[in-house]
Amino acid sequence: MNVEYINPFLSSLVNVLGTMANTTIVPGQPRIKKDEIARGDVSGLIGMVGSDIKGSFSVSFEEGLALEVMYRMLGEKPKTINADVTDMVGEITNMVTGGAKRILGDKGYEFSMATPIVVSGKAHTITHKCEGPTILMPFDSEFGKVHIEVSFDK
């Protein structure tokens, strides 16, 4: 998979969490994901399609980080993942994908975004409907981990 497709999602996530939630995340080592088990407790997934590109993106938060981001963005800190937290994760999924779309558009790659879906629960699954490999990128923070997954057909 072309790394040119992946980096915009990485930088967009760092930017969104840094500006919207005043939260610093540190990238780990990317790898090919071999299963469908989510690495977090709540995940947003969005599909993307264009004339020459098809893919999907997901962002998966551990509960502690999701709750802290909720507090920092909205001033509310529920005790567990609830409907407000899942809504927030859907919005973050949109913001990150939108930021990556802008960066990729500047390089000549155009695509439309679907409406994100959000899933929560321990060991939930994320299925990317692409033929290409799924790249898993972990990030650490003082409040827990967030993982992104990016998959494109080419």
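Within any chain, residue numbers begin from 1 and follow the written order of that chain's sequence. Local features in a predicted model are, by the rule used here, given only for residues with pLDDT of at least 70; side-chain atom pairs are given and counted only at 80 or more, and totals for whole chains, interfaces and linings are based on all residues. The side-chain numbers reported here are obtained from all heavy atoms of the structure, hydrogens and water having been left aside.

As named in an unreviewed UniProt entry, the protein is Chemotaxis protein CheX, taken from Arsukibacterium indicum.

1. Some thoughts on the packing of aromatic side chains
Condition: Only rings of Phe, Tyr and Trp enter the pairing, Trp through its six-membered ring, and a pair is recorded when the two centres are within 6.5 Å. The plane angle decides the type: under 30 degrees is stacked, over 60 is edge-to-face, the rest tilted. Here a strand is any run of E in DSSP of at least two residues, a helix any run of H or I of at least four, and the numbering for each starts at the N terminus. For every residue, the accessible area (1.4 Å probe, protein chains only) is compared with the maximum for its type, and the residue is labelled buried under 20%, exposed over 50%, or partly exposed between those bounds.
This model, assessed by the stated rule, comprises four aromatic pairs. Summarising the aromatic geometry, the rings of Tyr5 and Tyr109 are spaced 5.1 Å apart at their centres and angled 85° between planes, so their arrangement reads as edge-to-face. In this pair, Tyr5 sits in helix H1 (residues 3-21) while Tyr109 sits in the loop between helix H3 (83-106) and strand E5 (112-113), placing the two residues 104 residues apart along the sequence. Of the two residues, Tyr5 and Tyr109, neither departs from the other in class, the shared state being buried. Ring centres of Tyr5 and Phe152 lie 4.9 Å apart, and the angle between their planes is 50°; this geometry places the pair in the tilted category. Highlighted residues: Tyr5 in helix H1 and Phe152 in strand E8 (residues 144-152), separated in sequence by 147 residues. Here Tyr5 matches Phe152 in class, with each residue buried. Members of the aromatic cluster, joined through ring pairs, are Tyr5, Phe9, Phe57, Tyr109 and Phe152.

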